[in-house]
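Next come the chains, spelled out residue by residue.
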Amino acid sequence: MKRTDLSGLDVSAQGLGCMGMSEYYGASDWDTNIATIHRAIELGVTLFDTADQYGSGHNEVLVGRGVAGRRDSVQIATKFGIDRSSGDDRRVYRGDPPYVKRSCESSLLRLGIDHIDLYYLHRPPQNAEIEDTVGAMGELVAEGKVRFLGLSEVSAELLQRAHAVYPIAAVQSEYSLWTREVEQVTPVMAELGVGLVPYSPLGRGFLTGAVQATALDPTDFRARNPRFTGDAAKQNQVIADTVRHVAERLGVLPAQVALAWVYAQAPRLGVPVVPIPGTRHANRLEQNVAALDIDLDEDALAQLQPLSDLVVGGRYADHGVR
């Protein structure tokens, strides 16, 4: 497994996003998920990503059990800040210092660990200034409860303000062939030495060509996602088809092409890039890890680079932030 440095945090060049093991993507099986986490560790994956809101704490418990007995060989990243306690239609993005401290203590308890390697603010807070939130996060580092700080889905201006209070190691944002908005932030990230941790690098499965909206579980949020439904899904199919054509020519899988494209952007962006594709299945995990050894040729990159301009539909429906 190749390694990447995120501002001093040494991690595997590919992590595992664990959200779908607990929520949003239909029914899931505990034992299968634990087996997938164990297989990831066997393959050299060390960065495991979760959040306190995934499954209302279930996902942190799952990840904690999955890495139990293997803690010294992994890095745990979790997030706080999305308060869903009053319902998804009344969710609040919180960053008030007492909430920051309580959230960390609760996450440590659920994970069954004594420190968090990378602690993210899940979304910019609505009830606090970013300086106050990051100041409280910095105090957690001083207390030994957190090692490195991160932000998720943040603007360049907020990143600069946060970094002035305490060094930010990584920004986690959705990034893939069909979602590239974070490229507006990467110049500042490069200037500050902040790494990029892309989530949904496979376009929530759409870029793999394996997702059919009509066959999705009713509890799968993609069944209501603007890009996966109606005319948008039909128009976006050309994107998945292009990825598939490139994969066929290279003799690899579409998912591997999508991941290889993300890796190929690191030199252009000037920041370290550690994608965290999510999966509940060991065989798909193995395929994703194998993408680290795929180099896209110039023809492939030329075909893939313009695809984001063809996307129809927003990233989320209302109240859909993940």
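Bear in mind that the values here come from a model prediction, so they are computed numbers and not experimental data.

Scoring rules and cut-offs
- Residues numbered from 1 in each chain as written.
- Predicted model: local features only at pLDDT ≥ 70, side-chain atom pairs only at ≥ 80, totals over all residues.
- Heavy atoms only, no water.
- Helix = DSSP H or I, 4+ residues; strand = E, 2+ residues; numbered from the N terminus.
- Rg over C-alpha atoms; globule rule 2.2 N^0.38 Å.
- Buried < 20%, exposed > 50% of the residue type's maximum accessible area, 1.4 Å probe, protein only.
- Areas by Shrake-Rupley, 256 points an atom, 1.4 Å probe, with all protein chains shown as cover.
- Lys, Arg positive; Asp, Glu negative; His and termini not counted.
- Charge placed at Lys NZ, Arg CZ, Asp CG, Glu CD.
- Pairing = 2+ DSSP bridges.
- Contact = heavy atoms within 4.5 Å.
- Phe/Tyr/Trp six-rings, centres within 6.5 Å; stacked < 30°, edge-to-face > 60°.
- Lys NZ or Arg CZ within 6 Å of the ring centre and 35° of its normal.
- Salt bridge = Lys/Arg side-chain N within 4 Å of Asp/Glu carboxyl O.
- Expected span 1.5 Å × (residues − 1).
- Arc of directions from axis to C-beta.
- Polar contact = N/O pair within 3.5 Å; in protein donor to acceptor, adjacent residues only side chain to side chain.
- Axes fitted to C-alpha atoms, helices over the stretch in contact; angles between N-to-C directions.
- Left-handed = near helix turned anticlockwise from the far one by under 90°.
- Nonpolar A, V, L, I, M, F, W, Y, C, P; charged D, E, K, R; others polar.

Q: Got a minute to help me understand the overall build of the protein chain in this structure?
A: Within the protein chain, the regular secondary structure consists of eleven helices and eleven strands. For 322 residues, the compact-globule formula gives about 20 Å, and the C-alpha radius of gyration of the protein chain, at 19 Å, lands near that figure. Projecting the C-alpha coordinates of the protein chain onto the three principal axes gives extents of approximately 55 × 40 × 40 Å. Relative to its full complement of 322 residues, the protein chain shows a buried share of 56%. Summed over all atoms, the accessible surface of the protein chain reaches about 12,800 Å², with 50% contributed by carbon and sulfur. Taken together, the 31 basic and 41 acidic charged side chains of the protein chain have centroids lying 4 Å from each other.

Q: Any chance you could explain the environment of R204 here in plain terms?
A: Secondary-structure assignment places R204 in the loop between β11 (195-199) and α7 (230-250). The buried category is assigned to R204, whose relative accessible area is 6%. For R204 and R222, which are 18 residues apart along the polypeptide, the C-alpha to C-alpha distance reads 8.1 Å.

Q: What is the right way to look at the sheet that holds strand β8 (residues 116-121) in this model?
A: The strands that make up a sheet pair up through hydrogen bonds in the backbone, lying either parallel or antiparallel. With parallel pairing, seven strands are arranged side by side in an open sheet as β3-β4-β5-β8-β9-β10-β11. A strand with exactly one partner marks an edge of an open sheet, and here the two such strands are β3 (16-17) and β11. Pairing analysis gives two bridges linking β3 to strand β4 (residues 47-49), with the strands arranged parallel. Residue G17 lies in a different strand from β4, and its bridge partner there is D49.

Q: Got a minute to help me understand the environment of W30 in this structure?
A: The residue W30 is located in helix α1 (residues 30-42) in this model. Look at W30 and you get partly exposed, because its relative accessible area is 34%. Note: C-alpha distance between W30 and R280 (250 residues apart in sequence) is 9.6 Å. In this structure, W30 is in contact with H58, V61, L62 and R65, ignoring residues within four places of it in sequence.

Q: Just checking my understanding: could you explain the packing of aromatic side chains for this structure?
A: Describing an aromatic ring pair means giving the distance of the ring centres and the angle of the ring planes. Under the criterion given, the structure shown has three aromatic pairs. Aromatic side chains W178 and F206 sit 4.8 Å apart centroid to centroid with 15 degrees between the ring planes, which places their arrangement in the stacked category. Residue W178 is located in the loop between β10 (170-174) and α6 (186-192), and its partner F206 is located in the loop between β11 and α7; the two are separated by 28 residues in the primary sequence. The ring of W178 is capped by R227, whose NZ or CZ atom sits 4.9 Å from the centre of that ring.

Q: I'm lost on unusual backbone geometry in this one. Help?
A: With glycine set apart, most residues show a phi of negative sign, and most peptide bonds adopt trans. Although it is not a glycine, S7 adopts a positive phi angle of roughly 55 degrees. Given the relative accessible area of 31%, S7 is considered partly exposed. With a phi angle near 50 degrees, E153 is a residue other than glycine that sits in the positive phi range. Topologically, E153 is positioned in the loop between β9 (146-152) and α5 (156-165).

Q: How do you make sense of the pattern of salt bridges when you look at a structure like this?
A: Charged atoms that come close allow side chains of opposite charge to pair. Under the definition given, this model contains 25 salt bridges. With a closest N to O distance of 2.9 Å, D88 and R91 form a salt bridge. For D88, a relative accessible area of 31% translates into the label partly exposed. Taken together, the shared-partner salt bridges in this structure form one network comprising K101, E105, E139, E143 and K145.

Q: Even after reading the chapter, I still don't get α1, so can you show me in this structure?
A: Since the α-helix advances by 3.6 residues per turn, residues separated by three or four positions end up pointing in the same direction. With 13 residues, α1 should reach 18 Å at 1.5 Å per residue; the first-to-last C-alpha distance of 19 Å fits that figure. Within α1, burial applies to N33, I34, T36, I37, A40 and I41. Down the axis of α1, the smallest arc covering the buried residues is 155 degrees, so these residues share one side. Of the exposed residues in α1, those oriented more than 90 degrees away from the buried face are D31 and E42. Residues of α1 that are buried make contact with β3, β4, α2 (58-67) and α10 (282-290). Near the N-terminus of α1, the side chain that reaches the backbone nitrogen of D31, with its oxygen 3.3 Å away, is that of D29. At the C-terminal side of α1, G44 shows a positive phi close to 100 degrees.

Q: Mind showing me how you'd approach the packing of helix α3 (residues 97-111) against helix α4 (residues 130-142) here?
A: Axes are the key here: two packed helices are described by the angle between their axes and the distance separating the axes. Here α3 crosses α4 at 40 degrees, and the two axes come no closer than 8 Å. For the crossing formed where α3 meets α4, the hand is right-handed. Of α4, the residues touching α3 (which contributes P97, V100, K101 and C104) are D132, T133, A136, M137, E139 and L140. Across the contact of α3 with α4, the residue classes tally to six nonpolar, one polar and three charged.

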